[in-house]
Amino acid sequence: MKVCLFDIDGTLINTGKAGKDAMVAAFLEAAEVTQLDHALHLSGKTDRGIFGELFDLHGKALTEENWQHFIELYLARLEKNLPQRQGLVLEGVVALLAKLSQRDDVLLGLLTGNVERGANLKLIHYGIDHFFSFGGFGDLHPNRNDVARAALEAAEAYYGHPISPRDVYVIGDTPNDILCAQAIGAQSVAVATGVFSISELSEYSPNLLIENLADLDGISSFIFR
Ligand SMILES: [Mg+2]
């Protein structure tokens, strides 16, 4: 059995900053600060890691209590922002997911830095949640490599049998997606639909490097070669 683990932001969808703006507003409220002291770069990071970093940078102590408070504020903002922004499902995504989900030799899951409830809000808003049965999420892990391990465990629990990491394909738009695939011995498919260019991504030696997910035959022939 093969497993495709999809990143969300910059890979499946672009929320038109609905997520980033929700995160900033939730942080300002949870940390009781008036403005961000530093530029915020989200790509490839986990929600838990981003929030921890923000607290560090602003000299605040991160506790379980303010993490939970932040998440509640973030989810409420995200739900409000999603329909108000000009987001979209990226090119080729729906056709690829539909094609893969018809096969009985591959399972589709998520490998995302989003907290699980945030991931669900985003995917439901864009109508692609039904393609995914399991995933690794950013609720617990500041480091994406740990999310990758959690996603592989979730795939095995769903399937009910061990899965060889060599049969796992991590599809994402950042160097961290490529690196977390390498960390678990999986294969990486890098797409240049986020903030990183083909040449930037190529420095991390992904197994397949493509402009976007519209090349169904190319992706299928790589995964099922
Ligand atoms: Mg991404």
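In the block above lies the structure referred to throughout.
Model, not experiment: these values are computed from the prediction. (Residues numbered from 1 in each chain as written. Predicted model: local features only at pLDDT ≥ 70, side-chain atom pairs only at ≥ 80, totals over all residues. Heavy atoms only, no water.)

1. Points about helix α7 (residues 175–183)
Applicable threshold: Three labels apply to residues, based on accessible area from a 1.4 Å probe with only protein chains included: buried if under 20% of the type maximum, exposed if over 50%, partly exposed otherwise in between. Every helix listed is a DSSP run of H or I at least four residues long, and every strand listed is a run of E at least two residues long, numbered separately from the N terminus. When checking whether two residues touch, look at their non-hydrogen atoms; a contact exists if any pair is within 4.5 Å.
The complete set of buried residues in α7 reads P175, D177, I178, C180 and A181. Close packing links the buried residues of α7 with β4 (106–111), α6 (144–159), β6 (168–172), β7 (187–191) and α8 (198–202). Where α7 ends, the next residue or the one after it, G185, has phi of about 75°, a positive value.

2. Section: the packing of aromatic side chains
Aromatic ring pairs are defined here through the distance separating the ring centres and the angle between the ring planes. The test is simple: Working definition: a ring pair exists when centres of Phe, Tyr or Trp rings (six-membered ring for Trp) sit within 6.5 Å. Plane angles under 30 degrees give stacked, over 60 give edge-to-face, the rest tilted. Comment: the charge-over-ring label is applied if NZ (Lys) or CZ (Arg) is within 6 Å of the ring centre and within 35 degrees of the ring normal.
In this structure the tally under the stated criterion is 10 aromatic pairs. Three or more aromatic residues link up through ring pairs in this structure, and these residues are F27, F51, F55, W67, F70 and Y74. The ring of F224 has R103 lying over it, and the distance from NZ or CZ to the ring centre is 3.5 Å.

3. Quick look at the side chain of H58
The residue H58 is located in the loop between α2 (47–57) and α3 (64–81) in this model. Here H58 is in contact with F27, Q35, L36, D37 and H38, once residues within four sequence places are set aside.

4. Focus: helix α1 (residues 18–31)
Threshold: Given the number of residues in a helix, its expected span is that number minus one, multiplied by 1.5 Å.
With 14 residues, α1 should reach 20 Å at 1.5 Å per residue; the first-to-last C-alpha distance of 20 Å fits that figure. Here α1 lies mainly inside the structure; 10 of its 14 residues are buried. For α1, the set of buried residues is A18, G19, A22, M23, V24, A26, F27, L28, A30 and A31. Packed against the buried residues of α1 are α2, α3 and α5 (116–125). Following α1 by one or two positions, E32 has its phi on the positive side, about 55°.

5. A closer look at the sheet that holds β6
Which entries qualify depends on this criterion: In short, DSSP must find at least two bridges between two strands for them to pair.
Pairing is parallel across the open sheet formed by 6 strands, whose spatial order is β5-β4-β1-β6-β7-β8. Sheet topology places β5 (135–136) and β8 (208–210) at the edges, where each strand pairs with a single neighbour. Where strand β1 (residues 2–6) lies against β4, 5 bridges are found, and the strand directions are parallel. Within β4, the residue paired with K2 across the bridge is V106.

6. Things to note about the nonpolar core
Note the cut-off: Here, nonpolar core means buried Ala, Val, Leu, Ile, Met, Phe, Trp, Tyr and Cys residues that are tied together by side-chain atoms lying within 4.5 Å of each other. Domain segmentation is taken from an automatic or database assignment of domains.
Counting 55 residues, the largest nonpolar core has F6, L12 and F70 as its most contacted members. The dominant element in this core, judged by the number of residues it contributes, is α1, at 9 residues. Here this core spans two domains, and each of domain 1 (2–15 + 87–223) and domain 2 (18–84) adds at least three residues to it. In contact with F6, other than residues within four places in its own chain, are L12, L96, L97, L100, L108, G109, L110, L111, F132, I171 and L213. If you look at the next biggest cluster of nonpolar residues, it comprises 18 residues, including L107, L111, V147 and I163.

7. Describing the pairing of β4
Quick reminder of the rule: For a crossover, the right-handed case is the one in which the path from the first strand over the helix to the second runs clockwise, viewed with the strands pointing away from the viewer.
Within β4, 6 of the 6 residues are buried, which leaves the element mostly enclosed by the surrounding structure. Residue alternation in β4 divides its side chains into two sets, V106, L108 and L110 and L107, G109 and L111, and both sets are buried. Sheet topology note: the β4/β5 ladder contains 2 bridges and is parallel. For L111, the partnering residue across the bridge sits in β5 and is G136. Once you follow β4 into α5 and on to β5, the crossover reads as right-handed.

8. Some words on unusual backbone geometry
The bulk of non-glycine residues show a negative phi, and the bulk of peptide bonds are trans. Look at E32: it is not a glycine, yet its phi comes out positive at around 55°. Examined against the element boundaries, E32 turns out to sit in the loop between α1 and α2. Overall, E32 belongs to the exposed group, its relative accessible area being 68%.

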